[in-house]
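# Chains, contacts and geometry: an overview
Residues per chain, in single letters:
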Amino acid sequence: MDGSMRKFYGGFTALGLLVGVLVIVAYYRDQHREWMIYQRRYLQEEVRRAATPPQRVLAERTPIQIRQILLPELGRVDRCTTCHLAVEDPSYGGYPQPLAYHPLHDQHPFDRFGCTICHRGQGRATTVAAAHGHVPHWDAPMLPLKYTEASCGQCHQAADNPAAPALARGEQVFEASGCRGCHKLGGVGGVVGPDLDKVGARRSPEWLKAHFLAPATVTPGSGMPPQKFSAPDLEAITLFMLSQTGETVPGFYASMKVIPSAAVGRRLFQQKGCIGCHSLNGQGGKIGPALDDVGLRRSPEWMVAHFRDPQAVSPGTVMPRFGFTEGEARALTDFLLHLRDQQVALSLPSLMGPVERGREVFRTYGCIGCHGPDGKGGVPNPNAKTAEQVPALTYVADGYTKAELAKRILGGQRDITPLDPKRPPPPLYMPAWGGIIKEAEVDDLVAYLFSLKPKGEDLGF
Amino acid sequence: MNAPLPKRLWQWFVRSRVGRSVFRVGLPESNLERSQAMVSSFLLHLQPAKVSRHALKAGTTLGLGLISLYLFLILIGTGLLLMFYYVPSTDRAYDAMKDLQFVVSAGLVVRNMHRWAAHLMVLFVLLHLCRVFFTGAYKRPREFNWLIGTALFLLTLGLSFTGYLLPWDQLAFWAITVGTNIAGYAPVVGPRLKFLLLGGNVVGQEALIRFYALHVIVLPAVAGLLVAIHLWRVRKDGGLSRPDEPADLVEQVEQSRLPTNKTYGLMELARGTTPLVGRNPEDDVFSWPHLVFREVLLFLAVVAVVMFLAVFWNAPLEQVANPVHPPNPAKAPWYFLGLQELVSYSAFWGGVVVPGLLVAVLVLLPYLDRGRAGVGRWFARERVVANTVFALCLAAAIVLTVIGSLFRGPNWSWQVPWQPPPAAGGEP
């Protein structure tokens, strides 16, 4: 081999070494991942705490490895326990993160629920920043702890969950403020503003709060009236909005949704039309027995069994099998046991008069959001000819017949006459409620609106 | 024998019974063995036993073709590894990316290598094409190899483009949506072509499985075959083009049809252009080690560069694909951004006429530009017109691509480069 080739040996050596070093760097990084540090710390702690030699040996022999909870039904893989190893070990109560014990998980065992369904973040990730979701291109960062309650609302009805009082309050604020007048949620509501079904997955708590107080600052050009929430109400409705992720849970998780309570029972009683056969307070059907004092006649166990399968405890009964789950049966039983409380029974919409029902309709569809409490008005609508406000409804009885008013509600009014045609048109308008508000409800609503006119003013004109 | 121990061990092995059965020749010591080594080895026999000094000079080709080949090999290797984890399903593809990053041993670095090698391959294939043009190396008798090279260039773009969709993130989804929309602008066949590519009218599961099959089987197989033919033709067309190429080389290639009124020995059939034809023996050196060593060195350098990029820069991965939430602007892969910029002026002219003409000119070039002057020399004075036209086209493509990449913001309006991306989400 001639000497001129010797110069290549230097090149081979240098480049070979460079490739070798890069391989070593890549390998080293691969074998020294962030999570291993936390796992070693945990195992050291386990060794330190070992009381007996076998425990010590066990701790020493525990391999350093990825731990993960596979949740195929939820489409998730949660590797949080790779670092948070002691979540199920009460003896780690009070330890600093990542080794803290997670209290109160009996109802939601980790092997069925994982972590991210409640806390969000990136379950598949194994670095702190990426797993907690505080990285670019991850849209579901961990919820700050004070907002974790929002996740209850992904599966449970906000109002049903005694463990989530702030969420229930948020729902009340939402309904009472008339948000549905403009926004659809769960398919119910107006079309002036965007749907809120997935708003909780898209928006951060900070954004939501800023938006409620001054919508135009975060959404330029927004016509939404600024909301005057008290501080706790603001937190609560933020929580409720965060709970609206649009995520649906399948199978097992859906069957666990109902937390039995009298309120849930009341809702079921209403939805399933029990009043068609049974009577309360003398009102309702006569096919089945009156239920006012059923709690005195039957035991709770009998009622639960009856709801699940009527034939099993009352052979020959004509009551159909509704396919209630265990939780639903318990909820209905709870409701019937509370019937002796007159208020509970009287609050059923089917037992109300048209005006009371109409008030419920007014509330349910968020009319209050634009027309104000009891239709008294006062909500700003810049550049509207009606004194730059949404008109009050107190005197609709004077301007419309009932049929005209019903037509007006169902048809809406897209174009609001501007005060000054040169300025931008008024942002708020009356959506057409036809197809959203049911026909019977419209009659009730009209009855309610006619009742708004103060008594004794009939002769004032 | 004062050779170092590894060399002595090697020589012992090569001379042993097993070693001889594998290597036949062993580490060559004489010129005869050097020739034998090249001819008897499957991997080396693709190359001549002797090469001209001109071909070995770095300035002749800058190694651009070889670099492209090495990148292709790296892509095949890393791509095979990725296939063990990747699932071409819209439900699982993105999760596979996350698993590669977070739990698979070396998953991230292999994916990074694949990504950077892919970008580099597009770049180097283009540079190789430029080199061949600027040295006039596409002329007779190498016209057909230029065609194969053009096909390989388009295949490289196709490989990169089909691979772009596979991570199934926002970047992938919308780049492919934009890219296939550009294809849809072609008259008559455009919408059908788009439908054929996507298996539907929008990017979805069908598009993913099609792109996957194209990316891992169809295009690599075709490209591999064409690469083999491309290399074989380099030898059969007289080796690398060189300035002192004898005129009779061309005739020899073209007179390869022999009279049929006599019988021939094998040696007579194998006439025509070998790299030695018309060449002064003093100009040639043995391929082993002069060519082989250079090739290995270049390979090491390419691996080093790709690994360096892969170790220190991660391949991008955005949010999971969301068909109802387009980013603004949605951009095609970088090598199509010049095209997207043109399309923003006129879908028909920018999306159909200009790229169609470019491909047509590339294909027809060796048959249109038939003079033999200036072959084998960079920027030959005799080719000043052709070189200037080509350079202007290239400059235009670069300018358009840079504009499309850096200077276009939301709604494809002008923006200062390197703006922070707009906050996620438009209306609430």
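A brief structural summary.

The rules behind each value
Residues numbered from 1 in each chain as written. Chains lettered and ligands numbered in written order. Predicted model: local features only at pLDDT ≥ 70, side-chain atom pairs only at ≥ 80, totals over all residues. Helix = DSSP H or I, 4+ residues; strand = E, 2+ residues; numbered from the N terminus. Rg over C-alpha atoms; globule rule 2.2 N^0.38 Å. Buried ≥ 20, exposed ≤ 12 C-beta atoms within 10 Å, placed from the backbone. Core = buried A, V, L, I, M, F, W, Y, C linked by C-beta atoms within 7 Å. Contact = placed C-beta atoms within 7 Å. Expected span 1.5 Å × (residues − 1).

### Some thoughts on the overall build of chain A
The helix and strand inventory of chain A stands at 24 helices and 4 strands. The C-alpha radius of gyration of chain A comes to 31 Å, more than 25% above the 23 Å expected for a compact globule of 461 residues. Based on the C-alpha atoms only, the size of chain A along its principal axes is roughly 120 × 75 × 40 Å. For chain A, buried positions account for 31% of its 461 residues.

### Considerations on the nonpolar core
Formed by 77 residues in total, the largest nonpolar core has its most connected members in Leu71(B), Met113(B), Ala117(B), Met121(B), Trp168(B), Ala172(B) and Val306(B). Considering each element in turn, this core owes the most residues, 15 residues, to helix H8 (residues 107–134) of chain B. Every residue in contact with Ala172(B), bar those within four places of it in the chain, is listed here: Tyr164(B), Leu165(B), Leu166(B), Pro167(B) and Ala321(B). One finds Val192(A), Phe362(A), Trp433(A) and Tyr448(A) within the second-largest nonpolar core, a separate group that totals 24 residues.

### Concerning the interface of chain B and chain A
Facing 25 residues of chain B, the contacting portion of chain A comprises 24 residues. Counting residues per element, the ones that place at least two in the side of chain B that touches chain A are helix H7 (93–102) and helix H15 (287–312) of chain B. At 10 residues, H15(B) tops the list of elements feeding residues into the side of chain B that touches chain A.

### Thoughts on H15(B)
Counted at 1.5 Å a residue, the expected span for H15(B) with its 26 residues is 38 Å, and the 36 Å between its end C-alpha atoms agrees. The complete set of buried residues in H15(B) reads Ser287(B), Trp288(B), His290(B), Leu291(B), Val302(B), Val303(B), Val306(B), Met307(B) and Ala310(B).

### Some words on the environment of Ala331(A)
Residues and elements named next belong to chain A. Its location among the elements puts Ala331 in helix H18 (residues 326–337). Sequence separation between Ala331 and Leu268 is 63 residues, and the spatial gap between their C-alpha atoms is 8.2 Å. Apart from the residues within four sequence positions on either side, Ala331 is in contact with Val258, Pro260, Ser261, Val264, Gly265 and Leu268.

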